[in-house]
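# Commentary on secondary and tertiary structure
Given next are the chains, with one letter for each unit.
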Amino acid sequence: MIMNVPIRFKVGEFQSFSWLYSAAPCFPVSATKVSISEDPKKFYDTLCDRFGNAKNRISVASLYVGNGNLENNLLESAKENLINRKTLTLSLLLDYQRGTRGNQNSVTLFQKYFLDLSEQCKLYLYQTPRLQGLWSKVLPSRYNEIVGLQHMKLYIVDDRVLLSGANCSNDYFMQRQDRYIEIDDPDLANFYRDIIDEVSKYSKRCENQDIVSDKKLTKEKMIQDMKNNICNVIYKWQQLQLSKLSTSGDSSLDTWVFPLIQMGEFNITQDEYVTRKLMVSAPKGSHLQLATGYFNLTEQYTRTLLDQCKANVSLLMAHPNANGFLGAAGPAGGIPFAYSLIAKQFWQRVVDSNQASRIRMLEYERPGWTFHAKGLWYYPPGSDVPWATVIGSANLGERSVKRDLEAQAAIFTVSPELQARLQQETKRLHSYSKECGEELLSRETPKWVRATVKLFRTYF
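Residues numbered from 1 in each chain as written. Predicted model: local features only at pLDDT ≥ 70, side-chain atom pairs only at ≥ 80, totals over all residues. Heavy atoms only, no water.

## Here we look at the pattern of salt bridges
Put simply, the rule is: In the sections that follow, a salt bridge refers to a side-chain nitrogen of Lys or Arg positioned within 4 Å of a carboxyl oxygen of Asp or Glu. Strands are runs of DSSP state E lasting at least two residues, helices are runs of H or I lasting at least four, and both sets are numbered from the N terminus onward.
Under the definition given, this model contains 23 salt bridges. Where Arg303 meets Glu299, a salt bridge forms, and the shortest distance between an N and an O atom there is 2.9 Å. You can see Arg303 and its partner Glu299 sitting in helix H10 (residues 299-308), 4 residues apart, about one turn around the helix. When the shortest N-O distance is used, the salt bridge between Arg360 and Glu435 registers 3.1 Å.

Structure (structure tokens):
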């Protein structure tokens, strides 16, 4: 879905990125409307404040909602607000497989708080069309989640949207490091709400004590219809925003937000297209910082970085000790070793292509913490602060590109104040990291993990 748009960035540092206007809707905002949180507790406190004081709507897309004390307190604050404001609505979009795992799960938690508020509160459960019918019952719990998930992380309250990679769960509120950027803009919030609403139309929903599905579509019909409707939403907003850009003269708008959607099984590859083109468009002398909790670059991303990217690159990932699967029971316990092996294989290609001076690899390790942050920061040549970032739910990996539903945003700014805050964010993340390229080459991997990666890498 690439339009031919004649609009170009007026800022010299962004001239090579003017193609973005053709790839995604553009929402100009003031940097004062952009807030960055740096730690999980602040993320949780922000959600509690927003849910407890919302006036018109709460709309959330997440993988699941946990059932710990913090999650209960968050939903309790939302319920009190809903009871006091009869026009307030709550809409949750979660993944069906993850949201129904176990006897106590996201569905039972929703029913606990909102069963008697059914007119105001809705729960939707997306299930990948790959798992329609018998497949969802044949594959064991947890393992059916590798097929595809609703992975978008969007927290919309009134005119604000908070973008993150964090789920609405206890770990993500305490010691699992992610990223969190909130933007106060009604149009941008409405765009993401439209995306959530379209996915919800093709999802199961919780009705009293039951989970029901209104649409009885074949796999092929669901894929085609959902693809068309999501593309129509993106195109509608792109046209609307372009018409506003051509007439706007507001000089206070110093920041440009381009929302990006990735739904690989529906052949919607907007985020992948933009991410790869950002890598190619970054000029020589610039610097790209990349981060992912789960390092499994697609072959296309790998080739782009090695063969087409001119910028200096650093890749930040979780050390095995900071991987959320460390110590998991069964085969899942091998996942940290699998990601290390994949990183090792990538680093070997960097070395073999004589690019170790241009590309660096780093691992995040902080006692008691896990690492779940993902995204990109762009430093123009000669700058010691980032002028752009990409934030959201995608991990730059096989799953994000091909299997899961992802929501991101590319944010460009000329505000020195916002650039400084972005620098503070990435500096804090990197303060717990160290270079690991040579160490990766000597790191041992269990034989069964090597065999698993060879067979099932596209599911990581």
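## As for the nonpolar core
Test applied: In this text, buried Ala, Val, Leu, Ile, Met, Phe, Trp, Tyr and Cys residues form a nonpolar core when linked through side-chain atoms within 4.5 Å. Burial classification: accessible surface area is computed with a 1.4 Å probe over protein chains only, and a residue below 20% of its type maximum counts as buried, one above 50% as exposed, and the rest as partly exposed. Any pair of residues with heavy atoms lying within 4.5 Å of one another is described as a contacting pair.
Ranked by internal contacts, the top residues of the largest apolar core, which has 58 residues, are Phe258, Leu315, Met361 and Phe412. Beyond its immediate stretch of four places on either side in the chain, Phe258 contacts Phe9, Leu20, Tyr21, Ala24, Pro25, Cys26, Ala409, Ala410 and Phe412. The next biggest cluster of nonpolar side chains, apart from the first, holds 43 residues, and it includes Tyr192, Cys231, Ala407 and Leu418.

## Comments concerning the pairing of strand S20 (residues 405-413)
To be explicit about the condition: Only strands that DSSP links by at least two bridges are regarded as paired with each other.
By the criterion of burial, S20 is predominantly enclosed, with 9 of the 9 residues buried. Judged by which residues are buried, S20 turns out to be covered on both faces: Leu405, Ala407, Ala409, Ile411 and Thr413 on one side and Glu406, Gln408, Ala410 and Phe412 on the other are all buried. Pairing of strand S19 (residues 388-392) with S20, which is carried by 5 bridges, proceeds in the antiparallel orientation. What sits directly across from Ile391, in S20, is Ala409.

## Details of the state of the cysteines
Between two cysteines, a covalent bond joining their sulfur atoms is known as a disulfide. The condition that has to hold: Note on disulfides: each one is a pair of cysteine sulfur atoms within 2.5 Å.
Taken as a whole and judged by the stated rule, the model has 0 disulfides. With no disulfide of its own, Cys168 lies closest to Cys48 among cysteine sulfurs, the gap being 8.9 Å. Judged by its relative accessible area of 3%, Cys168 falls in the buried class. This cysteine, Cys436, is not joined by any disulfide, and Cys309 carries the nearest cysteine sulfur, 18 Å off.

This is a description of form; function is not addressed.
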